[in-house]
Amino acid sequence: MRVAYGFNHNIESSMMYLLADAFAENGFKTIIPDLLNGGPVPPSGLAYAPDFDLGKWFTNHSQEQTRPPLDKVINALKEQGVTTFGATGYCFSTARYVFDLTFENTNKASVVAHSSLLKVPDDLEFSIDSQAKADEIFGNGKFTPGYKRNLYERCTHGFAVRGDMTGPKIKAGKEGAFKETVEWFI
């Protein structure tokens, strides 16, 4: 059995569930652990919102609070006999955990899109300088079984999950990122 798990994220849940459904339609058992313990950033918090304190939100969503639900899900899947894991991560915490699980050799395949809250060189926050550093560290066969980084023109943070499908470049980036993720997992 192939398992791919995505992570509950600070966006509207329906978008993440549509993405999970698409992974399932491609043959993956897809799990979305609630890493945010029922407390995602509200949609209004994705833009300037005077009534939302992102700093306070972060204090209630540290790794000590968000990693245990993930470990619980992974352990339950292992108890069910699942032996092969793939993970996708998007933005806050989720990309962090994809990297962590990869470093811990839990994932057989890992994909991150618009990652954040990572440190270079220990981690990789993908600014233009960081992208070049990632290519230097992982590229040209230095990282096996493989490494690939794509840059989608005119796509901004969040495009792979909540991109505006009316924009041709963003639509192409969102669809391309999903297709390449499925191919990488296979």
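Fair warning: this is a prediction, and the values are worked out from it, not measured in the lab.

## With respect to the packing of aromatic side chains
Summed over the entire model, instances satisfying the criterion amount to 5 aromatic pairs. Taking the centre distance of 5.5 Å and the plane angle of 75° together, the rings of Phe28 and Phe185 count as edge-to-face. Linking Phe28 in the loop between α1 (13-25) and β2 (29-31) with Phe185 in helix α7 (residues 168-185), this pair joins segments that are 157 residues apart in sequence. Residue class for Phe28 comes out buried when judged on its relative accessible area of 5%. Pairing Trp57 with Phe58 gives two aromatic rings, centres 5.3 Å apart and planes at 75°, and the pair type is edge-to-face. With a relative accessible area of 7%, Trp57 lands in the buried category.

## Re unusual backbone geometry
Backbone geometry at Asn105 places phi at a positive 60°, although glycine is not the residue there. On the secondary structure map, Asn105 appears in the loop between α4 (94-103) and β4 (109-113).

## Some details on the nonpolar core
Of all hydrophobic cores here, the largest spans 18 residues; its most connected members are Leu19, Phe23, Tyr90, Phe159, Ala160, Phe178 and Phe185. Formed by 8 residues, the second largest nonpolar core is a distinct cluster that contains Leu35, Ile74, Leu77 and Leu101.

## Observations concerning the packing of helix α3 (residues 63-79) against α4
Two elements in contact, α3 and α4, have axes whose closest approach is 12 Å; the angle formed by their N-to-C orientations is 55°. Relative to α4, the element α3 lies oblique. Classified by chirality, the crossing of α4 by α3 is right-handed. Counting all contacts with α3, which are made through Gln63, Thr66, Arg67, Leu70 and Ile74, the residues of α4 involved are Arg96, Tyr97, Asp100 and Leu101. For the contact of α3 with α4, the class distribution of residues is 4 nonpolar, 2 polar and 3 charged.

## Here we look at the pairing of strand β3 (residues 85-90)
For β3, the buried fraction is high: 6 of the 6 residues fall into the buried class. Neither face of β3 is open: one carries Phe85, Ala87 and Gly89, the other Gly86, Thr88 and Tyr90, and all of them are buried. Across 5 bridges, β3 lies against β4 in parallel orientation. Looking at the pairing, Thr88 lines up with Val111 of β4.

## As for the environment of Ala134
Tracing the chain through its elements places Ala134 in helix α5 (residues 128-138). Taking the relative accessible area as the measure of exposure, Ala134 reaches 0% and is therefore buried. Through-space distance from the C-alpha of Ala134 to that of Arg149 is 8.6 Å; in sequence the pair is 15 residues apart.

## Here we look at the pattern of salt bridges
Summed over all chains, the structure comprises 5 salt bridges. One salt bridge in this structure joins Glu136 and Lys133, with 3.6 Å as the shortest N-O distance. Here Lys133 and Glu136 lie together in helix α5, a separation of 3 residues that amounts to about one turn. Given a relative accessible area of 46%, Glu136 falls into the partly exposed group. Lys133 gets classed as partly exposed once you look at its relative accessible area, which sits at 30%.

Procedures and definitions
- Residues numbered from 1 in each chain as written.
- Predicted model: local features only at pLDDT ≥ 70, side-chain atom pairs only at ≥ 80, totals over all residues.
- Heavy atoms only, no water.
- Phe/Tyr/Trp six-rings, centres within 6.5 Å; stacked < 30°, edge-to-face > 60°.
- Helix = DSSP H or I, 4+ residues; strand = E, 2+ residues; numbered from the N terminus.
- Buried < 20%, exposed > 50% of the residue type's maximum accessible area, 1.4 Å probe, protein only.
- Core = buried A, V, L, I, M, F, W, Y, C linked by side-chain atoms within 4.5 Å.
- Axes fitted to C-alpha atoms, helices over the stretch in contact; angles between N-to-C directions.
- Parallel < 35°, antiparallel > 145°, perpendicular 65-115°, else oblique.
- Left-handed = near helix turned anticlockwise from the far one by under 90°.
- Contact = heavy atoms within 4.5 Å.
- Nonpolar A, V, L, I, M, F, W, Y, C, P; charged D, E, K, R; others polar.
- Pairing = 2+ DSSP bridges.
- Salt bridge = Lys/Arg side-chain N within 4 Å of Asp/Glu carboxyl O.

Honestly, it's all geometry; don't read function into it.
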